[in-house]
Amino acid sequence: MAQDTYLRPGGLPRGRVSATTWISAKSPLRHIDLGLFTAAVLLAAIGCVMIYSATRSSQLVLGLDPNYYLKRQLAFVALGLVVFVISVLFDYRQLRSLAPMIYLGGMGLLLLVLTPIGHSQLGAQRWITVGILQIQPSEIMKLVIIVALAALWADRTVDSGPRKVVAAVALTAVPGALVYIQPDLGTVLVMLFAAFTIIIVAGAELRWLGLLIGIGAVAFFLALQLGLVHQYQLDRVTGFFNQHSNSSSAYNLRESKVAVSSGGLTGKGLLRGTQTNFSYVPENQTDFIFTVVGEETGFLGSLMVIGLLAFIVWRALRIAVMSRDRFGTRLAAGIAAMLAFQLFINVGMTIGIVPIVGIPLPFISYGGSSLLTSFCGVGILMNIHMRRFV
């Protein structure tokens with residue numbers, strides 16, 4: 001006897017159907033980008049392994065739990081997946097109307113960092129302690145600025161004149177100044193690059209873009225003359241140009257290059273990196289995590305990490321092109337710029353092609369705020385991709 005195959009609501013056949021047909025034809029969930037999600041999860045898993053390898057020996061020497069950093073990072077990954085799901089399920093277009101509130105909330109967190117509530121570590125005051133968690137608002141502010149500028153430039157009647165450019169500069173400069181005095185130059189650079197990318201994508205006139213570059217150059221010169229640039233930041237620049245000096249920055253750069261190059265093609269193996277085990281590169285679970293990748297997994301492992309991150313950036317650019325609205329395009333372009341800049345600078349400073357800047361490697365470096373921000377960014381990208389037909 002023939003099996004009935006009448007249509008369910010939404011035009012889907014009933015009978016022998018695949019699992020995907022249980023989802024309504026109009027549901028955005030039918031357009032999930034599994035490649036994007038898989039790349040993010042793989043990177044987070046690799047990051048956990050690299051963090052464990054980077055911290056295990058030093059923890060054992062101190063008589064502490066060798067799994068301490070791994071446990072915390074795994075907890076961050078679990079929380080990051082929750083943030084990812086939340087970022088996927090709501091309609092990203094709601095962010096446009098919520099942008100002013102999101103921006104003010106981010107600014108409020110940055111101001112709290114500068115109060116006694118703020119937590120200091122290694123001479124920097126960048127965190128807010130909430131129970132057992134430490135939140136770094138500057139990391140969150142990177143996405144906040146992207147949302148704010150995407151909303152600013154989302155109008156159909158595109159105004160690429162000076163008023164929009166000035167507004168974009170002001171929205172970026174104020175939180176940028178608060179982040180810089182923490183001090184955190186690396187995050188400021190990420191914010192500026194993401195903002196500049198959105199302004200370009202929005203179609204700002206070339207003369208205003210040139211003016212922005214000129215103002216930035218003048219501002220940097222004045223900061224040098226007025227002593228607003230910290231000495232350790234100057235040392236990082238001079239250490240980059242004189243890598244044989246005795247400064248700590250030059251030392252870090254030399255040791256990171258040794259660690260990466262010593263890995264060869266396939267690496268020394270997990271937990272077998274001598275530069276890693278003897279902690280020749282300080283804080284190699286955070287900004288210098290790529291030294292662990294290079295030494296223990298070699299060129300092939302490094303290429304895999306870079307390839308996965310490059311794939312996410314490529315998907316972000318593709319999503320920006322395919323977005324059905326200007327807000328989604330600006331949003332995806334900003335996230336792509338944020339991830340691409342962090343990838344280039346973090347890997348570049350490790351192998352000695354750019355000066356040392358405190359920028360984490362997305363999904364790989366230890367730290368909850370950075371990981372949650374990365375997962376949230378990928379979730380928003382998935383959101384835009386899923387709703388391009390809805």
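For clarity, every value in this text was computed on a predicted model and none was experimentally measured. (Residues numbered from 1 in each chain as written. Predicted model: local features only at pLDDT ≥ 70, side-chain atom pairs only at ≥ 80, totals over all residues. Heavy atoms only, no water.)

> I'd love a proper account of the overall build of the protein, names of residues and values included.
Across its full length, the protein carries 13 helices and three strands. Contacts in the protein between residues at least 24 apart in sequence constitute 69% of all its contacts with a sequence separation of at least 6. Entry remark: accessible area of the protein is about 18600 Å², with carbon and sulfur atoms responsible for 68%. (Helix = DSSP H or I, 4+ residues; strand = E, 2+ residues; numbered from the N terminus. Contact = heavy atoms within 4.5 Å. Areas by Shrake-Rupley, 256 points an atom, 1.4 Å probe, with all protein chains shown as cover.)

> If you had to explain the packing of aromatic side chains to someone new, which residues and values would you point to?
For any pair of aromatic rings, the description rests on two quantities: the centre-to-centre distance and the angle between the ring planes. Taken as a whole, this structure holds eight aromatic pairs when the rule is applied. On the basis of an interplanar angle of 80 degrees and a centroid distance of 5.0 Å, the ring pair of Tyr-69 and Tyr-366 is categorised as edge-to-face. In this pair, Tyr-69 sits in helix 2 (residues 68-89) while Tyr-366 sits in the loop between helix 12 (326-351) and helix 13 (368-386), placing the two residues 297 residues apart along the sequence. Three or more aromatic residues joined by ring pairs make a cluster, and in this case those are Tyr-68, Tyr-69, Phe-76 and Tyr-366. (Phe/Tyr/Trp six-rings, centres within 6.5 Å; stacked < 30°, edge-to-face > 60°.)

> Describe in detail the pattern of salt bridges, supporting the description with residues and values.
Evaluation of the coordinates by the stated rule reveals six salt bridges. For Arg-315, the salt bridge is made with Asp-33, and the minimal N-O distance between the two is 2.8 Å. Highlighted residues: Arg-315 in helix 11 (residues 289-322) and Asp-33 in the segment before helix 1 (34-61), separated in sequence by 282 residues. Accessibility classification places Arg-315 together with Asp-33 in one group, the buried group. With a shortest N-O distance of 3.1 Å, Lys-268 and Glu-295 are connected by a salt bridge. In this pair, Lys-268 is assigned in the loop between helix 9 (248-261) and helix 10 (274-277) and Glu-295 in helix 11, connecting sequence segments 27 residues apart. With relative accessibility at 0%, the residue Glu-295 sits in the buried group. Connected via shared salt-bridge partners are Asp-91, Arg-93 and Arg-387. (Salt bridge = Lys/Arg side-chain N within 4 Å of Asp/Glu carboxyl O. Buried < 20%, exposed > 50% of the residue type's maximum accessible area, 1.4 Å probe, protein only.)

> Before we move on, can you summarise the packing of helix 6 (residues 185-201) against helix 12 with the specific residues and values?
Contact geometry of helix 6 with helix 12 gives a least axis separation of 8 Å together with a crossing angle of 140 degrees. In this structure, helix 6 meets helix 12 at a crossing whose hand is right-handed. Contacts between helix 6 and helix 12 involve Leu-189, Val-190, Phe-193, Ala-194, Thr-197, Ile-198 and Val-201 from the first element and Thr-329, Arg-330, Ala-333, Gly-334, Ala-337, Met-338, Phe-341 and Gln-342 from the second. Of the residues belonging to the contact of helix 6 with helix 12, the class tally is ten nonpolar, four polar and one charged. (Axes fitted to C-alpha atoms, helices over the stretch in contact; angles between N-to-C directions. Left-handed = near helix turned anticlockwise from the far one by under 90°. Nonpolar A, V, L, I, M, F, W, Y, C, P; charged D, E, K, R; others polar.)

> Go over a nonpolar patch on the surface with me, naming the residues and quoting the values.
There is a patch of nonpolar side chains on the surface, built from Leu-79, Val-82, Ile-86, Val-130 and Leu-133 and spanning about 400 Å² of accessible area. Broken down by element, the nonpolar patch gets its largest block of residues, three residues, from helix 2. (Patch = residues over 30% accessible without salt bridge, like charges linked within 9 Å, V, L, I, M, F, W, Y side chains within 5 Å.)

> An account of the environment of Ala-40 is needed here, citing residue identities and associated values.
Tracing the chain through its elements places Ala-40 in helix 1. Classification of Ala-40 by relative accessible area gives buried; the value is 1%. The spacing of Ala-40 and Leu-81 is 41 residues in sequence and 9.9 Å in space, taken between C-alpha atoms. In contact with Ala-40, other than residues within four places in its own chain, are Ile-312, Phe-363, Phe-375 and Val-378.

> With reference to specific residues and values, describe the confidence of the model for the protein.
Regions with low pLDDT carry predicted coordinates that are not meant to be interpreted in detail. Confidence along the protein averages 83 in pLDDT terms, with 84% of residues attaining 70 or more. The low-confidence segment residues 1-22 (pLDDT under 50) makes 21 contacts with residues lying over four places distant or belonging to another chain. (pLDDT = per-residue confidence, 0-100.)

> Could you give an account of the packing of helix 4 (residues 137-152) against helix 6, with specific residues and numbers?
Interaxial distance between helix 4 and helix 6 falls to 10 Å at its minimum, and their mutual angle equals 15 degrees. As far as their axial angle goes, helix 6 and helix 4 are roughly parallel. Considering only the axes of helix 4 and helix 6, their crossing is right-handed. For the pair helix 4 and helix 6, contact is made by Ser-138, Glu-139, Met-141, Lys-142, Ile-145, Ile-146, Leu-149 and Ala-150 and by Thr-187, Val-190, Met-191, Ala-194, Ala-195 and Ile-198, respectively. Here the residues of the contact of helix 4 with helix 6 are counted per class, giving ten nonpolar, two polar and two charged. (Parallel < 35°, antiparallel > 145°, perpendicular 65-115°, else oblique.)

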